[in-house]
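# Descriptive structure summary
For reference, the chains in residue letters:
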Amino acid sequence: MSTLDAAEVERLARHLEAAEHEVRAVSKITDEHPELDFSDAYAIQRALCQVRVERGHRVVGYKAGLTSRAKMQQMGVDTPVFGRVFDDMSVADGGEVDTSALIHPRVEAEIAFVMKRELRGPGCHIGAVLAATDFVVPALEIIDSRYENFRFDLPSVVADNTSASRFVVGGVPASVAGLDLRSLGIVLEKNGEPVAVAAGAAVLSHPAAAVSMLVNSLAEQGEALPAGAFVMSGGATEAVVVAAGDALSARVQRLGQVGVRFK
Ligand code: OOG
Ligand code: MG
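Below or above, wherever it landed, is the structure these notes cover. (Residues numbered from 1 in each chain as written. Chains lettered and ligands numbered in written order. Predicted model: local features only at pLDDT ≥ 70, side-chain atom pairs only at ≥ 80, totals over all residues. Heavy atoms only, no water.)

## Considering the coordination of the magnesium ion (ligand 2)
Short version of the rule: Here a donor is an N, O or S atom found within 2.8 Å of the metal, or within 3.2 Å if the metal is Na, K or Ca; sites may look incomplete because water is not among the atoms. Helix and strand assignments follow DSSP, with helices taken as H or I runs no shorter than four residues and strands as E runs no shorter than two, numbered in order from the N terminus. Per-residue accessibility, obtained with a 1.4 Å probe over protein chains only, is compared with the maximum for each type, and a residue is labelled buried under 20%, exposed over 50%, and partly exposed between these values.
Around the magnesium ion (ligand 2), the protein contributes the donor atoms Glu108 (OE), Glu110 (OE) and Glu141 (OE), which lie 2.0 to 2.1 Å from the metal centre. We note that the donor set of the magnesium ion (ligand 2) lies within a single chain, spaced as E-x1-E-x30-E. Pair noted here: Glu108 is in strand β5 (residues 106-115) and Glu141 is in strand β6 (residues 133-143), with a separation of 33 residues, a long-range link. An identical accessibility class is assigned to Glu108 and Glu141; each is buried.

Set out below in structure tokens:
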């Protein structure tokens, strides 16, 4: 059940997209619309993504978020959320991100999937995800909530495209055959020091479960996960605050390393 009309969905989408574009934090939209539900929130996200498309950007992938206990506890929520990832969010491995273009960035270490076949829900499960996966790679996600003090509730963060901002892919692409994604060690390092550690199982007991939940969420929105899509399965540890001068990297067992610097 949605509670907003199309004009209000469009207004809120443009409001959030402008906050991102102009690098300024805004109050969370449930302050103005306490009745906002998930159906409204995903409608605002889709409208926001349409504005980005109008600006000339292209959806290249998707993200699951709030999929680990560490992230859920850090943000005070208990349900995974899903967002869309654009071509202009991609940063080269070892590349530099300008913090002046971001509001209050944080970094997450994630296992990412690249799909070789389309997946369509409902009823998508881990086995279907593994069968449709081309390869997995280590990724860093740079999240940047458009909300003041990085505080939100679930409908607000969904509307804000789940804080998506930048991502970095690195390491060595690996086939999932012969790989136990649950037991892969993940080390997030800041300026050469390990700051958070996890294993793949931290993400919904199996990172592929995050992809199957994404596929089922897309089905509710009338969409499939296309072949070739890039999918981040969600931060395995809590996110780490970063500032100009920091260097972040993630090491994922068997998949290698990925890094980014902030100026
Ligand atoms: C929401 C996005 C979370 C993840 O990997 O858990 C996310 C947020 O915490 O701002 O991307
Ligand atoms: Mg993430």
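There's plenty left to go through after this.
## A few points about the pattern of salt bridges
Let me state the cut-off plainly: Any Lys or Arg side-chain nitrogen found within 4 Å of a carboxyl oxygen on Asp or Glu counts as a salt bridge.
Under the defined criterion, the tally for this structure stands at 18 salt bridges. With a shortest N-O distance of 3.3 Å, Arg14 and Glu54 are connected by a salt bridge. Here Arg14, found in helix α1 (residues 6-21), pairs with Glu54, found in helix α3 (residues 38-54); they are 40 residues apart in sequence, far enough to count as distant. The exposure class of Arg14 is partly exposed, given its relative accessible area of 38%. We classify Glu54 as exposed; its relative accessible area is 51%.

## Structural notes on the nonpolar core
What counts here: Residue types Ala, Val, Leu, Ile, Met, Phe, Trp, Tyr and Cys, when buried and joined through side-chain atoms within 4.5 Å, form a set referred to as a nonpolar core. The contact criterion used throughout is that any non-hydrogen atoms of two residues lie within 4.5 Å.
Within the largest apolar cluster, 75 residues are counted, with the highest numbers of intra-cluster contacts made by Ile44, Phe113, Met115, Val136, Leu225 and Val260. Setting aside residues no more than four positions away along its own chain, Val260 makes contact with Val91, Gly95, Val97, Leu140, Ile142, Val168, Asp246, Ala247 and Leu248. Listed in part, the 12 residues of the second largest apolar core include Phe86, Ala112, Val137 and Met232.

## Comments concerning the site of ligand 1
To keep it simple, the criterion reads: Summary of the distance rule: residues count as near a molecule or strand when at least one heavy atom falls within 4 Å of that molecule or strand. Counting of polar contacts relies on pairs of N or O atoms within 3.5 Å, with two restrictions inside protein: one atom must be capable of donating a hydrogen and the other of accepting it, and residues adjacent in sequence are counted only when both atoms are side-chain atoms. Accessible areas in this description were obtained via Shrake-Rupley with a 1.4 Å probe; residue shielding takes into account the shown protein chains only.
Lining the immediate environment of ligand 1, one finds 17 residues, of which Leu66, Lys71, Glu108, Ser163 and Gly235 sit closest. Separating an oxygen atom of ligand 1 from a side-chain N or O atom of Glu108 is a distance of 2.8 Å. Here ligand 1 has 310 Å² of accessible area as a free molecule, and 100% of this is covered by the chains. Looking at the shell around ligand 1, the elements with two or more residues in it are β1 (59-65), α4 (69-75), β5 and β6. It is β1 that provides the largest number of residues to the shell around ligand 1, a total of three residues.

## Observations concerning the packing of α1 against α3
Quick reminder of the rule: Angular values range over 0 to 180 degrees, each being the angle between N-to-C directions of two axes fitted as lines to C-alpha atoms, with helices fitted over their stretch in contact. Should an angle fall under 35 degrees it is taken as roughly parallel, and over 145 as roughly antiparallel, whereas 65 to 115 is taken as roughly perpendicular and any remaining angle as oblique. By convention, the crossing between two helices is left-handed when the near helix turns anticlockwise from the far helix through less than a right angle, and right-handed when the turn is clockwise. Note that Gly is not counted as nonpolar here; it falls among the polar residues with everything else outside the nonpolar set of Ala, Val, Leu, Ile, Met, Phe, Trp, Tyr, Cys and Pro and the charged set of Asp, Glu, Lys and Arg.
Direction vectors running N to C along α1 and α3 enclose 55°, while the axes themselves pass 8 Å from each other. Taken together, the axis directions place α1 and α3 in an arrangement best described as oblique. As for how α1 packs across α3, the hand of that crossing is right-handed. Of α3, the residues touching α1 (which contributes Val9, Glu10, Leu12, Ala13, Arg14, Leu16, Glu17 and Glu20) are Ala43, Ile44, Ala47, Leu48, Val51, Arg52 and Glu54. Residue composition of the contact of α1 with α3, grouped by class: nine nonpolar, no polar and six charged.

## Side note on the environment of Gly95
You can see Gly95 is positioned in the loop between β3 (90-91) and β4 (96-97). Ignoring any residue separated from it by four or fewer positions in sequence, one finds Gly95 in contact with Gly259, Val260 and Arg261.

## Structural notes on the sheet that holds strand β12 (residues 247-252)
Hydrogen bonds between backbone atoms are what pair the strands of a sheet, whose relative direction is either parallel or antiparallel. As a reminder, the rule being used: For two strands to be treated as a pair, DSSP must find at least two bridges joining them.
In space, the five strands of this open sheet follow the order β4-β13-β12-β8-β9, with mixed pairing throughout. Either end of the sheet is taken by a strand with one partner, and the two such strands are β4 and β9 (193-199). In the sheet, strand β8 (residues 185-190) pairs with β9 via six bridges, with the strands oriented antiparallel. The partner of Glu189 across the bridge, within β9, is Pro194.

## Some remarks on the packing of aromatic side chains
Put simply, the rule reads: When two rings of Phe, Tyr or Trp (its six-membered ring) have centres within 6.5 Å they constitute a pair, described as stacked for plane angles under 30 degrees, edge-to-face for angles over 60, and tilted for the intermediate range. Geometrically, a charge over a ring is one whose NZ (Lys) or CZ (Arg) sits within 6 Å of the ring centre while staying within 35 degrees of the ring normal.
Applying the stated criterion across every chain yields a total of three aromatic pairs. When the ring of Phe150 is compared with that of Phe152, the centres are 6.4 Å apart and the planes differ by 50°; the resulting orientation is tilted. Exposure class is identical for Phe150 and Phe152. Each is buried. Measuring from ring centre to ring centre gives 4.8 Å for Phe167 and Phe230, while their planes differ by 25°; the resulting arrangement is stacked. Pair noted here: Phe167 is in strand β7 (residues 164-169) and Phe230 is in strand β10 (residues 230-232), with a separation of 63 residues, a long-range link. Each of the two residues, Phe167 as well as Phe230, counts as buried. The positively charged end of Arg52 is found above the aromatic ring belonging to Phe86, 4.7 Å away from the centroid. Above the ring of Phe150, the side-chain terminus of Arg106 is found at 4.0 Å from the ring centroid.

## Comments concerning the side chain of Glu20
The topology assignment puts Glu20 in helix α1. Look past the residues within four positions of Glu20 in its chain and what remains in contact with it is Arg52 and Arg146.

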